[in-house]
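A structural walkthrough
These are the residues of each chain, in order.
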2 protein chains.
Amino acid sequence: MKKVTIQDVAHKAGVSKSTVSQYLNQRFEYMGVETKEKIEIAIKELNYQPNILARSLKQKKTLTVGIIVANILHHYSTQVCRAIEDFFQGHNYHVIICNADDNPEKERKYIEMLRAKQVDGLIIVPTGENRELYKRLVAENYPLVFMDRKVEGININNVILNNRLAVHAAVFHFVEHGHKKIAMITRTPKVSVREERIKGYFEALEHHFLGNDVEFLRTTELENIQHEFARLMELKSPPTALLVGNDLVLMEVLKGVKKGRVAIPKQLSILTFDEVNFAELYDPPISTIAQPAYEMGTKAAELLLDQINGKQMEESRDYLFEGILHIRESIASLK
Amino acid sequence: MKKVTIQDVAHKAGVSKSTVSQYLNQRFEYMGVETKEKIEIAIKELNYQPNILARSLKQKKTLTVGIIVANILHHYSTQVCRAIEDFFQGHNYHVIICNADDNPEKERKYIEMLRAKQVDGLIIVPTGENRELYKRLVAENYPLVFMDRKVEGININNVILNNRLAVHAAVFHFVEHGHKKIAMITRTPKVSVREERIKGYFEALEHHFLGNDVEFLRTTELENIQHEFARLMELKSPPTALLVGNDLVLMEVLKGVKKGRVAIPKQLSILTFDEVNFAELYDPPISTIAQPAYEMGTKAAELLLDQINGKQMEESRDYLFEGILHIRESIASLK
DNA sequence: CTGAAAGCGCTAACAG
DNA sequence: CTGTTAGCGCTTTCAG
């Protein structure tokens, strides 16, 4: 498994290292056509592959960017990653994807690892709990874009869903169909998304004069979702409509639906955030608020590339996208 | 965004580069405790991060391995990746995951990219169509393990499911429940898995004297699965049981089930390869043949690490794992 | 049009 | 116990 180096190629072709380097970098303007051919042949014969490490070390850029997603199990994350990959592929960059698994410690390690590997920039769906580290990156002016979640006090480009608006739309849809007892279930609001959604939820209830029944809002860890859902349905006056925080929460809710033999949508109408691959196949088909994940990923990638190239036009700011309602049979009309 | 180098640290601490390097590599046996402290402080103050690129260049190893999966959308792939990551994390290696998207061209590019990045080894779920490239890697004695799919004529460690056995078990289960018309639907058999499964299917039919109705075997591209499924159910004598090739095929079949209003399991019993996250939630719950994906990933990782460390004990060979039947309500008894 | 030489940031003998 | 030195494989002036 001997590595063949540029030196070997040069030797075989009877030229110097630098000439081979020229060749590799497509600078053959002033290169003799036969030199070129000799090099070509030597490379083929030796099956030479340049060592990117050495090149990056010299050039001080790796043409590689990193993505760290909080949790790759979300359909949203995979979509976003795909978009970013597609974008950067077209710009001759490599992309390294890391999954923090909702674990701030892992996130920290990945950030440090990627920086040590000298990636040229980072797109992060932050866990939100490494504020100091984020700050340091921003202070160093390291190319960085956040997605999906904002972190208080960090001045950075954010690509996010307009969560409040999305929740307003969801609640409005329920109200239109005659629902008055509208609940929401989501994971514990450690990150901005969930906070925004909760805020939007209360705003919407208020706007529709539906009071502000704290019992109808359930926030807990994923493991307890089933339990909380059961408790929700055991209320003396249970909700007739439920807004679900994301695809993973939905899975738990549906398990609860099954266990508790809750009739959807007769007994309870359901609307969930995020696209779910089996939404259409479930009985009844589940209504969703999809995020334009691919577009959002592309936007984040563009912003990052601009930063890398020092072409950032404006101040850092939020780039808001709108949720897309897919109304299916999981919502009953009470009118 | 100035990069701080080992030189800067050395300067600030008033020692030489090499001493700092010693420190970084935990060789403080013979290091003065105050030297150590000075370095410690300098690193903190400068917020120094070693440049892995430079280190790897020198050491001729990157402590990084690559995984290339044929299609990350398979639940199997994500499980496997997780296992491999967990394993290597524990051995201080980094893992880069790439998704070939069932595209041999992409696969080739990723292999070349990862090699150029000097990863120390590769675990591949091969598309099967880059035989020459695979061969070259093997010839170079490059650390390499294949998973899930064998490639004819490549002498390499393979970690795979015993597909024939799994299909035998599946057919046996159907037969036990009185099924005689057992169909199978899967993607076009470009890779060994599918071939093995088809072979196993015919073997099992023969063994149970069920004849060899070619009409009951459907192999086609993912896009045509729905169509083929419909045709299967339109036969004058349609099957009563169906074995589904994998989770993605299942999605298509279930769409077909819905469109064609096929009653599961009354009209058709279903058993699918691979775990599916909503298997339990579907109505009726879907029976599956799970692969011990996590164990398989771990095994592959072990094999790779041994190769990297030159500790490969035996000849390359196949490591077979057994499928795990999860029988749920999607299978009716005809007795 | 091509080659010599310096250097990217780090490690690894080997002196001292 | 610490510093000097020589590279890892590549790119990049700058001569020729």
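Residues numbered from 1 in each chain as written. Chains lettered and ligands numbered in written order. Predicted model: local features only at pLDDT ≥ 70, side-chain atom pairs only at ≥ 80, totals over all residues. Heavy atoms only, no water.

Naming follows an unreviewed UniProt entry, where chain A appears as LacI family kdg operon repressor of Evansella vedderi.

Okay, the sheet that holds strand 9 (residues 269-273) of chain A next. Each strand in a sheet pairs with its neighbour through backbone hydrogen bonds, running either in the same direction (parallel) or in the opposite one (antiparallel). Residues and elements named next belong to chain A. Across the sheet, which stays open at both edges, the 6 strands sit in the order 7-6-8-9-10-12 with mixed pairing between neighbours. In this open sheet, the two strands that pair with only one neighbour each are strand 7 (217-220) and strand 12 (324-326). Averaged over all neighbouring strand pairs, the angle between strand axes comes to 15°, with direction disregarded. Alignment of strand 10 (residues 287-290) against strand 12, held across 3 bridges, turns out to be antiparallel. Across the sheet, residue Ile-289 finds its bridge partner in strand 12, namely Leu-325. Contacts between helix 11 (residues 247-259) and the sheet are confined to strand 6 (182-187), strand 8 (241-244) and strand 9, with strand 9 contributing the most and set at about 155° to the helix. (Pairing = 2+ DSSP bridges. Helix = DSSP H or I, 4+ residues; strand = E, 2+ residues; numbered from the N terminus. Axes fitted to C-alpha atoms, helices over the stretch in contact; angles between N-to-C directions. Contact = heavy atoms within 4.5 Å.)

If you check the shell around DNA strand D, you find 24 residues, and the closest are Ile-6, Lys-17 and Tyr-48 of chain A together with Ser-18 and Thr-35 of chain B. In DNA strand D, atoms within 4 Å of the protein come 65% from sugar and phosphate. Taking Ile-6 of chain A, its main chain carries an N or O atom lying 2.4 Å from a phosphate oxygen of DNA strand D. Within the side chain of Asn-25 of chain A, an N or O atom sits 3.5 Å from a phosphate oxygen of DNA strand D. Looking at the surface near DNA strand D, the elements with two or more residues in it are helix 2 (17-24) and helix 4 (52-59) of chain A together with helix 2 (17-24) and helix 4 (52-59) of chain B. The greatest single-element share of the surface near DNA strand D, amounting to 4 residues, is contributed by helix 4 of chain A. Its residues assigned to classes, the surface near DNA strand D comprises 8 nonpolar, 11 polar and 5 charged. (Near = heavy atom within 4 Å. Polar contact = N/O pair within 3.5 Å; in protein donor to acceptor, adjacent residues only side chain to side chain. Nonpolar A, V, L, I, M, F, W, Y, C, P; charged D, E, K, R; others polar.)

This next bit is on the pattern of salt bridges. Residue and element names in this part refer to chain A. Per the stated rule, a full pass over the model turns up 34 salt bridges over all chains. Where Glu-105 meets Arg-108, a salt bridge forms, and the shortest distance between an N and an O atom there is 2.6 Å. Of this pair, Glu-105 and Arg-108 both sit in helix 6 (residues 104-116), 3 residues apart, which is roughly one turn of the helix. A relative accessible area of 40% means that Glu-105 is categorised as partly exposed. Put simply, Arg-218 and Glu-215 hold a salt bridge, and the shortest N to O gap is 3.8 Å. Under the relative-accessibility criterion, Arg-218 is labelled buried at 6%. Connected through shared salt-bridge partners, Glu-215, Arg-218, Glu-228, Arg-231 and Lys-236 make up one network. (Salt bridge = Lys/Arg side-chain N within 4 Å of Asp/Glu carboxyl O. Buried < 20%, exposed > 50% of the residue type's maximum accessible area, 1.4 Å probe, protein only.)

All names here are of chain A. The 6 strands are arranged 2-1-3-4-5-11 in an open sheet whose pairing can be described as parallel. What marks the edges here is a single partner per strand, and that holds for strand 2 (94-99) and strand 11 (318-321). Ignoring which end each strand starts from, the neighbouring axes of this sheet average 15° apart. Pairing of strand 1 (residues 64-69) with strand 2, which is carried by 6 bridges, proceeds in the parallel orientation. Residue pairing across strands places Ile-67 opposite Ile-97, the latter belonging to strand 2.

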